[in-house]
Amino acid sequence: MDILDFTRNDLGRIRPLQPEGWNDIVPEFEYYLRKSFCFPVKVIIGDQIAGIGVAINLGTTGWLAHIIVDPRERKKGIGTLIVNELLRILSAQGVRTFLLIATEAGKSLYLRAGFRVVTEYIFHKREIPCSEYAHTGNIVPFSENFRRELMTIDRRVTGENREELLGNSLKNASLFIIDSALLGYYIPGVGEGPVIALTAEAGCELMKLKYASVSKAVIPAENITGLECLRFLGFEITSTMGTRMVMGEDITWEPGKIYSRIGGNLG
């Protein structure tokens with residue numbers, strides 16, 4: 001059993017690992033290979049890939065993501081091997097806070113590794129046909145004049161420096177502005193499309209924009225206003241849960257201002 005760097009030649013070999021209900025993992029690993037702050041790995045048994053995972057370095061914080069073990073190779077310590085390797089990679093790069101979102105099946109593994117529970121993410125879906133929702137005139141396309149302010153808000157709310165992660169996608173963002181003040185934003189094209197807002201009005205209006213064409217939603221349990229807005233938009237809570245966990249230094253963040261996450265790999 002060996003743990004090695006994941007390479008482009010491996011992309012065609014991971015389809016058998018695809019978990020039911022997850023987004024296609026091949027494009028996800030294509031993304032990781034393109035980004036200098038992502039470090040995907042694989043576990044090899046014989047000539048087969050038995051497990052995969054990725055470390056994502058955002059500076060002082062880092063994420064462990066897409067940790068998947070072939071069902072036929074479970075209970076052999078492969079998951080623990082991957083977790084330890086990803087922690088080693090990030091620690092060597094100066095990361096002090098290690099984060100992940102665990103499925104119910106993987107939660108015990110991360111608890112044994114030393115992770116602590118932070119909160120739960122609530123999953124929603126909408127079965128009724130999508131509709132166009134009227135929104136106020138306060139939502140405008142992204143302007144470079146707001147880049148610095150947007151990143152300042154993002155860092156305040158998430159507790160992380162996500163500038164390298166978000167930077168190239170900001171041109172697609174929609175901003176909620178009142179009296180020249182930026183109060184929220186929606187960034188399509190980054191995972192599931194994060195929505196962050198400083199006020200309930202901004203959050204709900206941006207949710208109306210996003211969910212006119214999106215039928216799934218995931219937000220932290222602390223965002224009571226966001227949960228109410230999703231109900232108004234016709235969403236129902238599903239049985240799926242995601243547990244946010246941390247190891248190392250805690251970070252200060254504001255989950256009540258997160259109206260949509262990026263994804264299971266980045267919160």
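This text goes with the structure placed above it.
Residues numbered from 1 in each chain as written. Predicted model: local features only at pLDDT ≥ 70, side-chain atom pairs only at ≥ 80, totals over all residues. Heavy atoms only, no water.

Focus on unusual backbone geometry
Step number 1: For Lys 75, which is not glycine, the phi torsion reads 65 degrees and is therefore positive.
Step number 2: Of note, Lys 75 is situated in the loop between strand 4 (61-69) and helix 2 (78-92).
Step number 3: Residue classification places Lys 75 among the exposed residues on the basis of a relative accessible area of 87%.
Step number 4: Residue Ser 180 is not a glycine yet carries a positive backbone phi of 70 degrees.
Step number 5: Mapped onto the elements, Ser 180 comes out in the loop between strand 8 (174-178) and strand 9 (181-186). (Helix = DSSP H or I, 4+ residues; strand = E, 2+ residues; numbered from the N terminus. Buried < 20%, exposed > 50% of the residue type's maximum accessible area, 1.4 Å probe, protein only.)

So, the pairing of strand 2 (residues 38-45)
Step number 1: In terms of residue burial, strand 2 counts as a mostly covered element, since six of its eight residues are buried.
Step number 2: In terms of strand pairing, strand 1 (residues 2-5) meets strand 2 through four bridges, oriented antiparallel. Across the sheet, residue Leu 4 finds its bridge partner in strand 2, namely Lys 42.
Step number 3: When strand 2 meets strand 3 (residues 48-57), the two strands line up antiparallel, connected through eight bridges. When the bridges of strand 3 are listed, Pro 40 appears paired with Val 54. (Pairing = 2+ DSSP bridges.)

Brief notes about the nonpolar core
Step number 1: By size, the foremost hydrophobic cluster in this structure holds 47 residues, and its most contacted members are Ile 14, Ile 52, Ile 56 and Leu 175.
Step number 2: With sequence-adjacent residues up to four places away left out, Ile 14 is seen in contact with Phe 6, Ile 25, Val 26, Phe 29, Ile 49 and Ile 52.
Step number 3: Formed by 23 residues, the second largest nonpolar core is a distinct cluster that contains Ala 50, Leu 86, Ile 89 and Leu 100. (Core = buried A, V, L, I, M, F, W, Y, C linked by side-chain atoms within 4.5 Å. Contact = heavy atoms within 4.5 Å.)

Topic: the packing of aromatic side chains
Step number 1: The tally for this structure, following the rule as stated, stands at five aromatic pairs.
Step number 2: Taken together, a centroid distance of 5.3 Å and an interplanar angle of 85 degrees make the contact between Phe 29 and Tyr 32 edge-to-face. Of this pair, Phe 29 and Tyr 32 both sit in helix 1 (residues 25-34), three residues apart, which is roughly one turn of that helix.
Step number 3: Looking at Tyr 32, the relative accessible area reads 1%, which means it is buried.
Step number 4: An angle of 70 degrees between the planes, with centres 6.0 Å apart, marks the rings of Tyr 31 and Tyr 32 as edge-to-face.
Step number 5: In textbook terms, an aromatic cluster arises when at least three aromatic residues are bridged by ring pairs, as seen for Phe 6, Phe 29, Tyr 31 and Tyr 32. (Phe/Tyr/Trp six-rings, centres within 6.5 Å; stacked < 30°, edge-to-face > 60°.)

A word on the sheet that holds strand 12 (residues 236-248)
Step number 1: Reading across from one edge, 1-2-3-4-5-12-6-11 is the order of the eight strands in this open sheet, with mixed pairing throughout. What marks the edges here is a single partner per strand, and that holds for strand 1 and strand 11 (216-220). Pairs of neighbouring strands in the sheet enclose a mean axial angle of 25 degrees, with direction left out of account.
Step number 2: Relative to strand 11, strand 6 (residues 116-125) runs antiparallel, the two being bridged by five bridges. Its bridge partner being in strand 11, Phe 123 is matched across the sheet by Val 218. (Axes fitted to C-alpha atoms, helices over the stretch in contact; angles between N-to-C directions.)

Some points on the pattern of salt bridges
Step number 1: Scanning all chains against the criterion turns up 15 salt bridges.
Step number 2: Arg 15 serves as the salt-bridge partner of Asp 24, at 2.5 Å between the closest nitrogen and oxygen.
Step number 3: The exposure class of Asp 24 is partly exposed, given its relative accessible area of 34%.
Step number 4: The closest approach of N and O atoms between Arg 162 and Asp 154, which form a salt bridge, is 2.8 Å.
Step number 5: Given the relative accessible area of 1%, Asp 154 is considered buried.
Step number 6: Here the salt bridges do not stand alone but share partners, grouping Asp 10, Arg 13 and Lys 42 into one network. (Salt bridge = Lys/Arg side-chain N within 4 Å of Asp/Glu carboxyl O.)

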